[in-house]
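Here is what each chain is made of, one letter per residue.
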Amino acid sequence: MKILPLSLLLLLPFSFSACNFDSLNNSFTYPSYSGLSFSGSDESWAYSASNDIHVLSENSATLSISGNLGGKTLYVADVNISNIKIDKEYVKYINSSSFRGLQEESILQSEEDAMALDEDFLLPDESYRHFIGYDFEPDPEEFLSGRAALSDSYSVTPLSYNVESTYKYMQVCRNANNTQSRVSTRATLWASNEACNVWVVDDDSYLNSDSKKKKIAERFADAFQAFYPVVTYVFGKESDSIYCDWRGGKYITGAMADYSDTGTKINILIYDLYNDGDSGNVLGFFSNVDYYISSFSSSSNVGKYFYIDSYFATAEETKNSIFSTLVHEFQHMINYGVKNIEKGLSSDTNFNEMLSMLCEDMMQQFLTDSGFTIDDDDSPKGRFARFMIQYFNCGIRNYDETALSYANAYAFGSWLCRQYGGAALVNEMMSNNYTNNTCIVEAVNKVNNTNFTFDGLFTQFIKACYGKDPTFTFNRDAAQTVSYSSGSTTYRYPMKAIDLWSSEDDSIYNLSKMSFSSGISAKKYLQTNYGSYLSSAYNFLGPAVFTYDSLKTLPPVYGVFLKRVGVFSAGTTSYNLKFSSSSGYTRNGMKVVLYIK
């Protein structure tokens, strides 16, 4: 039995145009939160092997299904595509009075709500966090009021990179709740190469000797120089521009080399983030405040900066996975430069975190081959356990600052890459002129010569989550059509198959074999919280599946709740379903996705 220590914490992922919801979500404008009566006309669905999924119209109350149904299983997924939660009173369910000749799950009280997984159990890899602190946007009026102090002939004296002697006072974040609140602290340069400078705060409590500072700095410098060209080959180069003025109602950029004393070189600053010693949980971060000159914010270090926690950089259990953190943060820096600065776009946090975890995913093997072994449970794959038992508590495309929102974002992104192009898909997402859902759709369609909508892709993702269709699955290697070569190095960005239904004892996805250090198994956890709400066919492999009449308040932005209805009797060629809700109404954005397999 695999024991997961409680001290360790921790999103997913053919053409059938009939399976779109409304194709209105690519711009992230969602339906309003209003009530709808069941006044729509009766719907029909001609089931076939190539038409095995159907999305019920929002206000329809009946569905007639025809086709060779005998022996096949009917699944139903409740989906909320709106930006506001849908209370369970407005969630549609199949009225049990419509059953005949269907070997359905045991009936529950339809008004009951499946108990939410509100207790924050700690799963692999999640006591450790890395995040972006770039919600910074300065007040132009404050900048303009002090603008006279900024000379038109602004100049900066470049630093000389003398390892072990060059030092500078840097703005260091000590507040875990505000990454823009910083204090001035002296740091010394301990390693430098073509790719980066590595600095260590002089009075760091963990790197408390010159030999320790030098050793860790050289390790980071060597690692970053090795993976820099491999990451940028897919994601693009970080921006060499910096925001230096406000004119005509917009921020103006200038050449970073004209404003930063470290020029265009990337800086890695290592210190005990937040002075929290071994009790913290943040491995590192990037913040966009450093991409503004100090006239905009006194917290800016004016340049390209990453911040890495010294405890986690040296602790035995994280001294390798910290480099996965650095890869993760590097994507954030690149994304800010490519999408925000160069293209004037803005990525939502869920989308941005998805890309950073995909960067970790495709660089896992490179880091391991470079001597920084990253096991699956220390990679984003370690987030799947949380996804499988809690996915329904956060929208798949939503970010709510919880570990679950990371898990859901990676689950969706990992499926997309394995289904639709791997590194080539990510490269297109980074290089096209879009963000968020539109970016995903445009990239998938260009790389694969398809014509999907986002909602069409999402219905495929739902099929993948049931694990019944080999066409749409996590369990395939991503295509390796992109390769980086330099000298003796050739890297093809492998993203290996993910078998969420593996029953192997040592699988990190097998919930039956997974236990918390408290002694409660993941299986027992689901049984205790849900009891008879779980489908009798669910075997604790893959995402949790519930009975057809379980009701759950649906979280916003593609919240989903997977259910199993039952098996059609032999010889069945037609079937009628009736839908109800406990309030008699439903909501805009409430979708019922029916799937027969």
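Residues numbered from 1 in each chain as written. Predicted model: local features only at pLDDT ≥ 70, side-chain atom pairs only at ≥ 80, totals over all residues. Heavy atoms only, no water.

**A look at the overall build of the protein chain**
Inference 1: Along the backbone of the protein chain there are eleven helices and 25 strands.
Inference 2: Taken across its 597 residues, the protein chain has 60% of its residues classed as buried.
Inference 3: Summing over all exposed atoms, the protein chain offers an accessible surface of approximately 22,000 Å²; the carbon and sulfur share of this is 44%. (Helix = DSSP H or I, 4+ residues; strand = E, 2+ residues; numbered from the N terminus. Buried < 20%, exposed > 50% of the residue type's maximum accessible area, 1.4 Å probe, protein only. Areas by Shrake-Rupley, 256 points an atom, 1.4 Å probe, with all protein chains shown as cover.)

**A closer look at the nonpolar core**
Inference 1: Formed by 166 residues in total, the largest nonpolar core has its most connected members in Phe220, Phe224 and Met363.
Inference 2: Apart from residues lying up to four places away in sequence, Phe224 is in contact with Ala195, Cys196, Ile266, Ile268, Phe306, Leu326 and Phe330.
Inference 3: One finds Ala187, Tyr271, Leu273 and Tyr307 within the second-largest nonpolar core, a separate group that totals 15 residues. (Core = buried A, V, L, I, M, F, W, Y, C linked by side-chain atoms within 4.5 Å. Contact = heavy atoms within 4.5 Å.)

**What to know about helix H7 (residues 403-420)**
Inference 1: For H7, spanning 18 residues, the distance from its first C-alpha to its last is 26 Å, which sits close to the expected 26 Å at 1.5 Å a residue.
Inference 2: Burial of H7 is extensive: 17 of the 18 residues sit out of reach of the surface. (Expected span 1.5 Å × (residues − 1).)

**Details of the packing of aromatic side chains**
Inference 1: Going through the model one piece at a time under the given rule, you end up with 54 aromatic pairs.
Inference 2: Taking the centre distance of 5.9 Å and the plane angle of 85° together, the rings of Phe384 and Tyr509 count as edge-to-face. Remark: Tyr509 occurs in the loop between strand E19 (489-491) and strand E20 (514-516) and Phe384 occurs in helix H6 (residues 384-390); sequence separation between them is 125 residues. Across this residue pair, the class does not change: Phe384 and Tyr509 are buried.
Inference 3: Plain terms: the ring middles of Phe454 and Tyr558 are 5.0 Å apart, the flat faces sit at 75° to each other, and that makes the pair edge-to-face. Of the two residues, Phe454 is situated in helix H10 (residues 454-466) and Tyr558 in the loop between strand E21 (546-547) and strand E22 (559-568); the sequence distance between them amounts to 104 residues.
Inference 4: Here the guanidinium or amino end of Arg186 rests over the ring plane of Tyr167, the centre of that ring lying 3.7 Å away.
Inference 5: Lying across the ring of Tyr90, Arg587 places its NZ or CZ 3.8 Å from the centre. (Phe/Tyr/Trp six-rings, centres within 6.5 Å; stacked < 30°, edge-to-face > 60°. Lys NZ or Arg CZ within 6 Å of the ring centre and 35° of its normal.)

**A word on the sheet that holds strand E7 (residues 93-94)**
Two pairing modes exist for strands in a sheet, parallel and antiparallel, and in both the strands are linked by backbone hydrogen bonds.
Inference 1: Read across the sheet, four strands follow the order E3-E5-E23-E7 without closing on themselves; strand pairing throughout is mixed. In this open sheet, the two strands that pair with only one neighbour each are strand E3 (43-46) and E7.
Inference 2: When E7 meets strand E23 (residues 574-580), the two strands line up antiparallel, connected through two bridges. Across the sheet, residue Tyr93 finds its bridge partner in E23, namely Ser580. (Pairing = 2+ DSSP bridges.)

**What about the packing of H7 against H10?**
Inference 1: Following both chains from N to C, one finds H7 and H10 inclined at 95°, their axes separated by 11 Å at the closest point. With respect to each other, H7 and H10 are oriented roughly perpendicular. Contacts between H7 and H10 involve Ala411, Phe412, Trp415 and Tyr420 from the first element and Phe454, Leu457, Phe458, Gln460, Phe461 and Ala464 from the second.
Inference 2: Grouping the constituent residues of the contact of H7 with H10 by class yields nine nonpolar, one polar and no charged. (Axes fitted to C-alpha atoms, helices over the stretch in contact; angles between N-to-C directions. Parallel < 35°, antiparallel > 145°, perpendicular 65-115°, else oblique. Nonpolar A, V, L, I, M, F, W, Y, C, P; charged D, E, K, R; others polar.)

**Regarding the pairing of E22**
Inference 1: Counting buried residues along E22, ten of its ten residues qualify, which places the element largely inside the surrounding structure.
Inference 2: Summarising the sheet, strand E6 (residues 73-80) and E22 pair through eight bridges and their orientation is antiparallel. Pairing of Val79 across the sheet is with Val560, part of E22.
Inference 3: Here two bridges tie E21 to E22, and the two strands are oriented parallel to one another. Bridge pairing links Phe546 to Lys563 in E22.

**Side note on the pattern of salt bridges**
Inference 1: All chains considered together, the criterion is met by 23 salt bridges.
Inference 2: Its salt-bridge partner being Glu428, residue Lys446 comes within 3.7 Å of it at the nearest N-O pair. Placement of Lys446 in helix H9 (residues 436-448) and of Glu428 in helix H8 (residues 422-431) is noted, with a sequence separation of 18 residues between them.
Inference 3: Look at Lys446 and you get exposed, because its relative accessible area is 59%.
Inference 4: Connected through salt bridges with shared partners, the residues Lys237, Glu238, Asp240 and Lys304 form a single ionic network. (Salt bridge = Lys/Arg side-chain N within 4 Å of Asp/Glu carboxyl O.)

**Considering the packing of H7 against H8**
Inference 1: With their axes 7 Å apart at the nearest point, H7 and H8 run at an angle of 115° to one another. The pairing of H7 with H8 is recorded here as roughly perpendicular in orientation. As H7 packs across H8, the resulting crossing turns out to be right-handed. Note on element contacts: H8 touches H7 through Gly422, Leu425 and Val426, opposite Leu416, Cys417 and Tyr420.
Inference 2: Here the residues of the contact of H7 with H8 are counted per class, giving five nonpolar, one polar and no charged. (Left-handed = near helix turned anticlockwise from the far one by under 90°.)

**Details of the environment of Phe296**
Inference 1: Among the structural elements, Phe296 can be located in the loop between strand E16 (282-286) and strand E17 (304-309).
Inference 2: Taking relative accessible area as the criterion, Phe296 reaches 11% and is therefore assigned buried.
Inference 3: Between the C-alpha atom of Phe296 and that of Tyr243, which follows or precedes it by 53 residues, the distance is 8.7 Å.

**Examining the confidence of the model for the protein chain**
Inference 1: Across the protein chain, pLDDT averages 85, with 83% of residues at or above 70.
Inference 2: Of the regions scoring below 50 in pLDDT, residues 1-33 engages in 152 contacts with residues more than four places distant in sequence or in other chains.
Inference 3: For the stretch residues 106-128, pLDDT sits under 50, and the model shows 90 contacts to residues farther than four places along the chain or on other chains. (pLDDT = per-residue confidence, 0-100.)

**Let's talk about the pairing of strand E15 (residues 266-271)**
Inference 1: Most of E15 is tucked away: six of the six residues are buried.
Inference 2: Every second residue of E15 is oriented toward a common face, with Ile266, Ile268 and Ile270 on one face and Asn267, Leu269 and Tyr271 on the other, all of them buried.
Inference 3: Note: E15 against E17, six bridges, orientation parallel. Bridge pairing links Leu269 to Tyr307 in E17.

**A few points about H10**
Inference 1: In this model, H10 (13 residues) spans 19 Å end to end at C-alpha, consistent with the 18 Å of a helix rising 1.5 Å per residue.
Inference 2: Buried residues dominate H10, accounting for 13 of its 13 residues.
Inference 3: After H10 finishes, the residue Gly467 shows a positive phi value of roughly 70°.

**A closer look at unusual backbone geometry**
Inference 1: Positive phi, normally seen in glycine, also occurs at Asn436, with a value near 60°.
Inference 2: With respect to the secondary-structure elements, Asn436 resides in helix H9.
Inference 3: Of the residues examined, Asn436 reaches a relative accessible area of 12% and is grouped as buried.
Inference 4: Unlike most non-glycine residues, Tyr558 shows phi in positive territory, near 65°.

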